[in-house]
Structures are given as C-alpha cells and as structure tokens.
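# Overview (structure and organization)
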Amino acid sequence: MASAIRYVTDVDLGLTVVADVFINGSFVAAEQATVSVFERGFLLGDGVYEVIPVYAGRCFELAGHLNRLENSLAGVKMTNPYRDDEWEQLIDTLIQRNGGGDQALYMQVSRGAAPRDHVFPEGVSTSVFVMTNPLKPVSEIVKEHGIQAITLVDTRWQRCDIKAISLLPNSLLKQEAKEAGAEEALLIRDGFMTEGSASNSYAVFDGVVYTAPKDNTILPGITRDVLLSLAREAGIIVVEEAVAESKLSEADELWVSSSTREILPITQLNGQAVGSGKVGPVWQKVDALYQQMKKRAAQ
Ligand code: PDD
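### Overview of the sheet that holds strand β6 (residues 127-134)
The antiparallel open sheet is built from six strands, whose spatial order is β2-β1-β6-β5-β3-β4. In the strand order of this sheet, the two ends are held by β2 (26-29) and β4 (58-59), each with one partner. Pairing of strand β3 (residues 47-55) with β4 involves two bridges; the strand directions are antiparallel. Bridging across to β4, Tyr-55 finds its partner in Arg-58.

### A few points about the side chain of Glu-39
Looking at where Glu-39 falls in the secondary structure, it is placed in the loop between β2 and α1 (40-44). Despite its burial, Glu-39 pairs with no opposite charge, the nearest such side chain being Arg-40 at 7.0 Å. Reaching out from Glu-39, the side chain makes a polar contact with the side chain of Ser-110 at a distance of 2.7 Å. Here Ser-127 takes part through its side chain, which lies 2.6 Å from a polar atom of the side chain of Glu-39.

### Describing the packing of aromatic side chains
Tallying each qualifying case throughout the model produces nine aromatic pairs. Aromatic side chains Tyr-82 and Trp-87 sit 5.0 Å apart centroid to centroid with 85° between the ring planes, which places their arrangement in the edge-to-face category. Here a set of aromatic residues connected by ring pairs shows up, and it is made of Phe-22, Phe-27, Tyr-82 and Trp-87.

### Let's talk about the nonpolar core
Judged by nonpolar contacts, the single largest core of 23 residues is most densely connected at Cys-59, Leu-69, Trp-87, Ile-91, Leu-105, Met-107 and Val-130. When residues of this core are traced back to their parent elements, those giving at least two are β3, α2 (62-75), α3 (84-97), β5 (103-110) and β6. Top contributing element to this core by residue count: α3, with five residues. If you look at the next biggest cluster of nonpolar residues, it comprises 22 residues, including Ile-236, Val-238, Val-279 and Trp-283.

### Section: the site of the ligand
Around the ligand, the surrounding shell holds 20 residues, and the nearest of these are Tyr-49, Arg-68, Glu-195, Thr-223 and Ser-259. A distance of 3.5 Å separates a nitrogen atom of the ligand from a polar backbone atom of Ser-199. Contact distances for the ligand include 2.5 Å between an oxygen atom and a side-chain N or O atom of Thr-223. Summarising the interface, the protein chains cover 89% of the accessible area of the ligand, which totals 480 Å² for the free molecule. Those elements that place two or more of their residues in the shell around the ligand are β3, β9 (192-196), α6 (222-233) and β13 (253-258). Of the residues that constitute the shell around the ligand, the class distribution is five nonpolar, 11 polar and four charged.

Conventions and cut-offs
- Residues numbered from 1 in each chain as written.
- Predicted model: local features only at pLDDT ≥ 70, side-chain atom pairs only at ≥ 80, totals over all residues.
- Heavy atoms only, no water.
- Pairing = 2+ DSSP bridges.
- Helix = DSSP H or I, 4+ residues; strand = E, 2+ residues; numbered from the N terminus.
- Buried < 20%, exposed > 50% of the residue type's maximum accessible area, 1.4 Å probe, protein only.
- Lys, Arg positive; Asp, Glu negative; His and termini not counted.
- Salt bridge = Lys/Arg side-chain N within 4 Å of Asp/Glu carboxyl O.
- Polar contact = N/O pair within 3.5 Å; in protein donor to acceptor, adjacent residues only side chain to side chain.
- Phe/Tyr/Trp six-rings, centres within 6.5 Å; stacked < 30°, edge-to-face > 60°.
- Core = buried A, V, L, I, M, F, W, Y, C linked by side-chain atoms within 4.5 Å.
- Near = heavy atom within 4 Å.
- Areas by Shrake-Rupley, 256 points an atom, 1.4 Å probe, with all protein chains shown as cover.
- Nonpolar A, V, L, I, M, F, W, Y, C, P; charged D, E, K, R; others polar.

Printed below as a string of structure tokens:
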C-alpha cells in the first residue's frame, strides 16, 4: 500500500490529521500527544524553539539551527537535553515517519512542569516537543510581484537574539500587518530597522545590501547567514549596518528572509512603491543562488 501523506493539518490541501510528533522521549500520533498543564512553556512561555526547512527529506542547514538552539538555551539558562547527533537521529526519524519530502520541522525545548512560580524550579527535566508540517513552496505570484509590508514600532524585549517561544509581541505585530493588508511588518527601534516580525530584513541601495548587524535586537537568522555568504561569493557588497527608517522610502529594493518563506522581495512599503515597484535585480540574483543551493542540499 502506498504510504499516506502524514501531515498534522493542511487546511488548503484538505489532508488528514495523522502525523506523528515527538514528545518527551516518544514518537506518538499528534492527537495522542499530551503535556502537563503545569508545563512552564504553557504557563509562562518559558522555552526556546527552532524551525528548520526540510527538502526531499533532508534538513537544510541543520548544524546552524542546532548551534542557534544551543545559544538560545544558554541565553535562558537551560541545559541542552540532547547532543547534536542525538537531535539529528530524532529529527531524521520524525521526518521519515511523516513521509519525507518537504517539511517545516518545529522543535521546542521548554523548562518542564512545576508548580507555577516565576523563579526556576529545581530538579525538573526539560520538555522536548518536535513536529513537522507541510512546507508550502513560495508561490510564483509572490516571486513575480513581491509582497507588501508596513513599518511598525519594534515593541519586543531586549533579547531578540534568543529564539524564545514567548512570541506575543511578534504575533501582535504580524497580526497588525495582516489587518493592514500586508504580509510582514518591518520593525523600527530607535529610528532604525531591526528585522521583520518573523523574518530578517534587508535594504538595497545602488546594488549594496544593508542589513542590521547580529546583536540583541535581531534573531541571527540562518537564512540570513546563507544569503549573505551567497551574495558575498557572487561579488555583491553586503554591509551589516542597520538602515534608518527615514531612508527606507529611498531604497531600490527591500527583502525579508526566513526558513519557511525563503527570501521575499517587498515591492510596496506603507502603500508606496519600493524602487521601481517591481521585483529588483539584486533579489533575483540572490534568490537564484539560494534556489540552486537548496537543490544541491536536497540531492
Ligand atoms: N521565524 N527573525 C525573526 C523574529 C524570526 O521569527 C525568524 C524566523 C527570522 C529568520 O530566521 P531563520 O532564517 O533562521 O528562519 C528572523 C521562524 C521561521 C518562525 O518563527 O516560524
């Protein structure tokens, strides 16, 4: 019998709820997975996570994601429950159980179940949850026409370098963008663009790519690392300097990047055309290189 497509949910494709997940040491059907109501991830948003794109059954840039997970865990004073080779084995098993192919893998480590208290509990083991969802390809329409974005004040905390599960500020910002008819919000802190609500952001002026440097105000994106090195190898100048909000309307191109949405060109910002209002040549070049790299990684 041909193996069924085993995805958690896909409303668009109408797929059945039959995926497996990994929860605290076991692989179980998603609908059978349970967590304690005292779990600090649930009560306090006390945990960290990763999202890794999977192409043809293989994780893209796994080492970078595991390294960032380690940094996030250290940032919230939690011990990594697994060595990298253990993570790798666990992740591979789940990908295969869920049918391989292209998936978005979500992994979360939270501080564990304990009576509610702001202070960390002692002697409690962390909770580990891993799931996969279908990874939808970026639509050709988006690649041809770009997306709309708006600018919003960056209302987040001072440790945006930690990939924390407490995403309420990001969620509020993204929702505000959606309600304004935009796909993403470009965030402004002290007059400069930090990143998107769920992405890193870039501005191109005269062929030079500018993006905020890695510090506490942005998440060090794995897609950002990949695209900056591809751009540099191709001879494109990259400057890791935050762009002033006042300069954004003069940019020739604006982009955002993330593991699930790749590199997206923004063609309208706050209702005004970005540059020519069309997808720009520097984005086209970098996206083509990114697509080639994805293809090689899937082989
Ligand atoms: N988010 N900045 C923020 C605030 C993000 O949430 C993300 C990704 C990025 C891009 O990082 P990367 O290239 O490593 O995906 C930057 C993921 C996809 C999410 O929360 O679902």
